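Structural characterization, general
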Amino acid sequence: MIAQIFDTSDAAVADVADGATVLVGGFVSAGTPSNLILALKRGGQTDLTAVANNIGLGDLLDELCEDRQLAKVIATFAIRASGTRSSRFEVLYRAGEVELELVPQGTLIERLRAGGAGLGGVLTRTGLGTMMAEGKQIIELDGERWLLERPLRGDVALLKAWRGDLHGNLQYRLAGPNFNPVMATAADLVIAEVEELVEPGEIPPELVGTPAIYVDRLVRCEPIPVRWEG
Amino acid sequence: MIAQIFDTSDAAVADVADGATVLVGGFVSAGTPSNLILALKRGGQTDLTAVANNIGLGDLLDELCEDRQLAKVIATFAIRASGTRSSRFEVLYRAGEVELELVPQGTLIERLRAGGAGLGGVLTRTGLGTMMAEGKQIIELDGERWLLERPLRGDVALLKAWRGDLHGNLQYRLAGPNFNPVMATAADLVIAEVEELVEPGEIPPELVGTPAIYVDRLVRCEPIPVRWEG
Amino acid sequence: MSSSTPPTGLSRELIALRAARELEPGSVVNLGIGLPTLVAGFVKPSDDILFQAENGILGYSGISESDFDSDLINAGGQPVDLVPGASFFDTADSFAMIRGGHIDAAILGGLQVSARGDLANWYVPARGGGSVGGAMDLAVGARKLIVAMAHVTRDGQPRIVEICEYPLTAERCVDVIITDLAVIDVGLQGLTLRERAPGVGPSKVAEWTGAALLIPEEVPEMSL
Amino acid sequence: MSSSTPPTGLSRELIALRAARELEPGSVVNLGIGLPTLVAGFVKPSDDILFQAENGILGYSGISESDFDSDLINAGGQPVDLVPGASFFDTADSFAMIRGGHIDAAILGGLQVSARGDLANWYVPARGGGSVGGAMDLAVGARKLIVAMAHVTRDGQPRIVEICEYPLTAERCVDVIITDLAVIDVGLQGLTLRERAPGVGPSKVAEWTGAALLIPEEVPEMSL
């Protein structure tokens, strides 16, 4: 129940195994665990499956492609429709060296939520009649067709919050929550980087975005600014 | 988009139609729209279906049984396992004058969430092998059995929050949210009673529990204390 | 099944005390309405137990003695005190926590428990109805399910039975039964007597139990 | 389909301006990445439009000119300013809002739109991939879907076609198409020309449109 506090991001992710499925919170620059991602780069783990909103949009997740650490990416943004410069991910993807599963954003978060909330799946209209429905079960109810989407979980989740307390409660700021609170529920090992570490009780109970029981490890890090220039 | 401000709870619910399905927020004493419930009593609407966590646990929803305004109740707590005194609802129920659909609490909130979130249903283990599974579709996936639970929506939702701003943003306090934030998403007409009405911007954006676009009507009321003595 | 007068067992408070001992230090626990709510009063601060209330609180310490705040109650409607590091959330998030396997243990009351661990605790046929609350979700979601109840009914009928007659809460969900007479583990091979109440012999427990009960050679008395 | 030089139509900014005019006062609007983000700059405060960004903001007014805060961005990664009464929420709640029909209108970019309102806007076969983002959810969830795009491709191929060749975003989802040449309504009877760009005749629009286009007797010029 009490989160383990790590001194460095490297130590916090050191035992992430090769072949792990890693949920990565954040949306472009907001709420993105860039320190933990770079620690994973330095850690050298390979054959990883990354689940994230985006790769190659100015995010550092793309750095994991430099040494081919990713076997697969499950994301909503991965290949830009236009753009003069390709991300490292795009280059590897075109070379057939990394697998890509594109998932609609609302479906990705519902699959993660189902994975964390003990649900066997959800029915959505999103993706019906598109490539996203290929190979998936369609359920007809009262004359309406629905796509059955299955749960998604990770071995590890890497999160970013503004503040964390010593129990593991996390507080997000502004549009920082995005995928983080749901990903916190959907992995066996949850590691969060925070800008500030505080005593339990300093985060008002109404402002706890992720309750302590979801968080296994905390590390205080200077945030690394990232920005997508389009 | 801008919520309509009403002077009285009576005016706020005056046009709720006979036969309406009414979602009622709250959990026993917490976040319960007692003023709006009493306004509905005074309004005299009949043949209502009430969807609420509880009826007859010291809540004023039970008052709607005095003049037989309820045709049906969908709830998680309705008949006490023991107790010397019966609620009005229990008396009517035993007389066959009101219908009861008991739903597990986690299933009730997921059905309401699905109703508000555009999902066709969710798969849960809750209720498998019990009376709750009767008449429901069971879906087997990878050797596991799941109960398919369908969405639930209301014509009207009655909510209680601590503060509301003139746009309709709601802020809850302590354990006041419970069913309210999800019910806000799952009804055609959403009416909230609040203890304080404030200017837009006074509720910090991180503390908005129900965003303004969900709320159609606001009325400031002195809270009515209710308490369940077991 | 015996027709003799039911034996005097532990009080409700002592059942709650024994149930509290069953909780792992540092675990996250949900307490059902009724007898289980008493458990909060019997954990030591050093046990570091975090109580979850399904109406949206993680981290309350017990029933509050101070002024009643209608917005600060547990699932039984009782006022509670918070611990530092508590948090609030809505019902959807609360049951995601419960159903998703994030609660280490739940202690629920029971009407009947079967030899294979089926639980019936929400519907009383004699009253023609019931209240399910969060019990079904807790029964399928909590990692460990402890049922705390009287060993027999008021008229001396066993509540631990081969097959539940009452409508089920969930199948094969109970891990441990704690009663006024005994602590009984539910496993793949059925029910095993682990402890007996002070002054209650193993054969007495078996006599008031309506299902086959494995009795090890040594069955210690509960230490209370 | 014509082989003549594509006509000069509105600039991207004027397409965005025309799209902004399409929004009902007081409505809640989500803007897709690219051209649609420009729309925020063309609504009047008196229109009372509330912009939603699917990464978790309700109530931003437009692209911010002040310092960049990495936690305060729209779905395109651009810094935004908030209006009083804004709120934040996570991705699950954001897409509950979108998919649940709580967004009055979405303005998305397009690669192709078909005569029956199918939209293709996420996958470019020539690039062998794409990015779907929230487009599929917005297409099925927004009450009104406006597609803002160039009328033809850079090499003069119509983007408005009988049947989309590109992989779909969603079927039968588009209500209005706004291009550099025209405003076209999508209805049960197909495509209807509602307005034309200044100096562009209805026959010119039809010439560059790859699907049957109903042309009423009076087709007013856009007022910009």
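Structure: see above.
This write-up is about the structure you can find in this document. Here the structure is a predicted model, which means the values were calculated and not measured.

**What about helix α4 (residues 105-117) of chain B?**
Residue and element names in this part refer to chain B. When the terminal C-alpha atoms of α4 are compared, their 18 Å separation across 13 residues agrees well with the 18 Å that a helix rising 1.5 Å per residue should span. For α4, a buried count of 13 out of 13 residues is recorded, marking the element as mostly surrounded by other parts of the structure. Phi turns positive, to about 70°, at G118, one or two residues after α4.

**Quick notes on the interface of chain B and chain D**
Between chain B and chain D, the residue contacts involve 20 residues of the former and 21 residues of the latter. Buried surface at the junction of chain B and chain D, summed over both partners, amounts to about 1500 Å²; 62% is from carbon and sulfur atoms. At the junction of chain B with chain D, the criterion picks out zero salt bridges. Here the element with the most residues in the side of chain B that touches chain D is α4 of chain B; it accounts for three residues. The residue inventory of the side of chain B that touches chain D, partitioned by class, reads 11 nonpolar, six polar and three charged.

**Some remarks on the pairing of strand β11 (residues 187-198) of chain A**
All names here are of chain A. Here 10 bridges tie strand β9 (residues 154-165) to β11, and the two strands are oriented parallel to one another. Note on β11: the bridge partner recorded for L159 is A192. Judged from the four bridges that link them, β11 and strand β12 (residues 217-220) form a sheet pairing that is parallel. By the bridge assignment for β12, I191 is matched with R217.

**Some remarks on the environment of Y214 of chain B**
Within the secondary structure, Y214 of chain B is located in the loop between β11 (187-198) and β12 (217-220). With 96 residues separating them along the chain, Y214 of chain B and G118 of chain B place their C-alpha atoms 14 Å apart. Look past the residues within four positions of Y214 of chain B in its chain and what remains in contact with it is A184, T185 and V190 of chain B together with D93, A96, M97 and H102 of chain D.

**Details of the interface of chain D and chain A**
Counting from both sides, the interface comprises 40 residues of chain D and, opposite them, 44 residues of chain A. For the pairing of chain D and chain A, the buried interface totals around 3400 Å² over both sides, and the portion due to carbon and sulfur atoms is 59%. Viewed at the interface, chain A and chain D are joined by three salt bridges. In this structure, D69 of chain D and R173 of chain A form a salt bridge, with 2.7 Å as the shortest nitrogen-oxygen distance. Here chain D is connected to chain A by 18 residue pairs in polar contact (both at pLDDT 80 or more). Sorting elements by how many residues they give to the side of chain D that touches chain A places helix α2 (residues 91-99) of chain D first, with four residues. Here the side of chain D that touches chain A is composed, by residue class, of 19 nonpolar, 13 polar and eight charged.

**Examining the pattern of salt bridges**
Per the stated rule, a full pass over the model turns up 60 salt bridges over all chains. Salt-bridge contacts for E149 of chain A lead to K136 of chain A; the nearest nitrogen and oxygen are separated by 3.1 Å. In this pair, E149 of chain A is assigned in strand β8 (residues 144-149) and K136 of chain A in the loop between β6 (119-124) and β7 (138-141), connecting sequence segments 13 residues apart. For E149 of chain A, a relative accessible area of 3% puts it in the buried group. Between E222 of chain B and R220 of chain B there is a salt bridge; the shortest N-O distance is 3.5 Å. Taking the relative accessible area as the measure of exposure, E222 of chain B reaches 55% and is therefore exposed. By relative accessible area, which is 38% here, R220 of chain B ends up partly exposed.

**Examining helix α2 (residues 34-43) of chain A**
Residue and element names in this part refer to chain A. Within α2, seven of the 10 residues are buried, which leaves the element mostly enclosed by the surrounding structure. Structurally, α2 contributes buried residues whose contacts are with α1 (9-13), β2 (21-24), β3 (48-52), β9, β11 and β12. Positive backbone phi, at 75°, marks G44, one or two positions downstream of α2.

**Brief notes about the pairing of strand β1 (residues 28-31) of chain D**
Residue and element names in this part refer to chain D. Alternating residues of β1 divide into V28 and N30 and V29 and L31, and every residue in both groups is buried. In the sheet, β1 pairs with strand β2 (residues 50-53) via three bridges, with the strands oriented parallel. Residue pairing for β2: N30 is matched across the bridge by Q52.

**Observations regarding the packing of aromatic side chains**
Tallied over the full model, the rule gives six aromatic pairs over all chains. For the pair F89 of chain B and Y93 of chain B, a centre-to-centre distance of 5.9 Å together with 15° between the ring planes defines the contact as stacked. In this pair, F89 of chain B and Y93 of chain B both sit in helix α3 (residues 88-94), four residues apart, roughly one turn of the helix. Measuring from ring centre to ring centre gives 5.7 Å for F51 of chain D and Y60 of chain D, while their planes differ by 35°; the resulting arrangement is tilted. Geometry around W162 of chain B places R163 of chain B over its ring, the cationic atom sitting 5.0 Å from the centre.

Reading the values: rules and limits
Residues numbered from 1 in each chain as written. Chains lettered and ligands numbered in written order. Predicted model: local features only at pLDDT ≥ 70, side-chain atom pairs only at ≥ 80, totals over all residues. Heavy atoms only, no water. Helix = DSSP H or I, 4+ residues; strand = E, 2+ residues; numbered from the N terminus. Expected span 1.5 Å × (residues − 1). Buried < 20%, exposed > 50% of the residue type's maximum accessible area, 1.4 Å probe, protein only. Contact = heavy atoms within 4.5 Å. Buried area = accessible area lost by both parts, 1.4 Å probe. Salt bridge = Lys/Arg side-chain N within 4 Å of Asp/Glu carboxyl O. Nonpolar A, V, L, I, M, F, W, Y, C, P; charged D, E, K, R; others polar. Pairing = 2+ DSSP bridges. Polar contact = N/O pair within 3.5 Å; in protein donor to acceptor, adjacent residues only side chain to side chain. Phe/Tyr/Trp six-rings, centres within 6.5 Å; stacked < 30°, edge-to-face > 60°. Lys NZ or Arg CZ within 6 Å of the ring centre and 35° of its normal.

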